[in-house]
Amino acid sequence: MIASYLTYYVIKPQSRTNYGVLIDPRQYPIPALGSTELDGKPARLEDYKGKWVMLQVASGECDDACKTRLFAMRQLRLMQGKEMERVERVWLITDAKPLDTVLMREYDGTDMLRVDAKLLKAWLPTDEGTAMEDHIYIIDPLGNLMLRFPKDADPNKMKKDIGKLLRASAIG
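Being a predicted model, the structure only gives us computed values, none of them experimental. (Residues numbered from 1 in each chain as written. Predicted model: local features only at pLDDT ≥ 70, side-chain atom pairs only at ≥ 80, totals over all residues. Heavy atoms only, no water.)

## Some thoughts on the layout of surface pockets
Right, so step 1: Each pocket or cavity is described by its volume, and for the largest pocket that value is around 230 Å³.
Right, so step 2: Among the elements of the structure, α2 (64–78) and α5 (155–168) are those that each provide at least two residues to the lining of the largest pocket.
Right, so step 3: It is α2 that provides the largest number of residues to the lining of the largest pocket, a total of five residues.
Right, so step 4: Split by residue class, the lining of the largest pocket holds nine nonpolar, two polar and four charged. (1 Å grid on protein atoms, 1.4 Å probe; cavity = no way out; pocket = protein on both sides within 12 Å on 5 of 7 lines; lining within 4 Å. Points joined across faces, edges and corners; volume = space filled by probe spheres on them. Helix = DSSP H or I, 4+ residues; strand = E, 2+ residues; numbered from the N terminus. Nonpolar A, V, L, I, M, F, W, Y, C, P; charged D, E, K, R; others polar.)

Shown next as structure tokens:
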């Protein structure tokens, strides 16, 4: 009895089970980003309510790191098996540069939205020494920014986090 008391109240576990960094959604409500689809039609992140959203940020040039994150998001969604329909992929493009059509075809199914980089930078939290372009973010089905994966994240650990979220959530 004494051992259980000490274990519960004195020895606090220091490990955590999530790989990504949990974000308090109250501190980062989704602002009006003025986002548009590639054809110029207005689009909002709020339109994805009811789905889990994997979000990445990059310029229209999409360097190798951007392509790696796009590939990871596609594969992570596929790895969810029958639950993959609950997850959407969104690429927020921070400039007006034209996109490579081969890249667009390769990542068909990823929603590509153009946004104002200044508004995005004010919203998305980052680790010290990193930029918002270095991370993949998760938005929950209620429209709350709630998880950020580290720079050069391990896809296997990301898969576990996303799987846990999908299993634990009855919505989305």
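More follows now that the structure is in view.
## Considerations on the pattern of salt bridges
Right, so step 1: On inspection of all chains with the given rule, the structure shows eight salt bridges.
Right, so step 2: Residue K41 is joined to D39 by a salt bridge in which the shortest nitrogen-to-oxygen separation is 3.8 Å.
Right, so step 3: For the salt bridge of E88 with K51, the shortest nitrogen-to-oxygen distance reads 3.9 Å. Of this pair, E88 sits in strand β4 (residues 87–93) while K51 sits in the loop between β2 (36–37) and β3 (52–58); the two residues are 37 residues apart in sequence, bridging distant segments of the chain. (Salt bridge = Lys/Arg side-chain N within 4 Å of Asp/Glu carboxyl O.)

## Some thoughts on empty space enclosed by the protein
Any empty space left between atoms is shown by rolling a water-sized probe over those atoms.
Right, so step 1: One pass over the full model with this rule turns up one cavity of 30 Å³ or more.
Right, so step 2: Roughly 40 Å³ of volume is contained in the largest cavity.
Right, so step 3: Lining the largest cavity, in full, are W52, V53, M54, V87, I138, I162, L165 and L166.
Right, so step 4: At the level of secondary structure, the elements contributing two or more residues to the lining of the largest cavity comprise β3 and α5.
Right, so step 5: Residues of the lining of the largest cavity, tallied by class, amount to eight nonpolar, no polar and no charged.

## Observations concerning unusual backbone geometry
Right, so step 1: Even without being glycine, C62 reaches a positive phi, approximately 50°.
Right, so step 2: Position of C62 among the secondary structure elements: in the loop between β3 and α2.
Right, so step 3: The backbone of D152 shows a phi angle near 50°, a positive value even though the residue is not glycine.
Right, so step 4: Mapped onto the fold, D152 is located in the loop between β7 (145–148) and α5.
Right, so step 5: The exposed category is assigned to D152, whose relative accessible area is 70%. (Buried < 20%, exposed > 50% of the residue type's maximum accessible area, 1.4 Å probe, protein only.)

## Let's talk about a nonpolar patch on the surface
Right, so step 1: Together, Y8, Y9, V10 and I11 make up an exposed nonpolar region whose accessible area comes to about 490 Å².
Right, so step 2: By secondary structure assignment, the location of Y8 is in helix α1 (residues 2–9). (Patch = residues over 30% accessible without salt bridge, like charges linked within 9 Å, V, L, I, M, F, W, Y side chains within 5 Å. Areas by Shrake-Rupley, 256 points an atom, 1.4 Å probe, with all protein chains shown as cover.)

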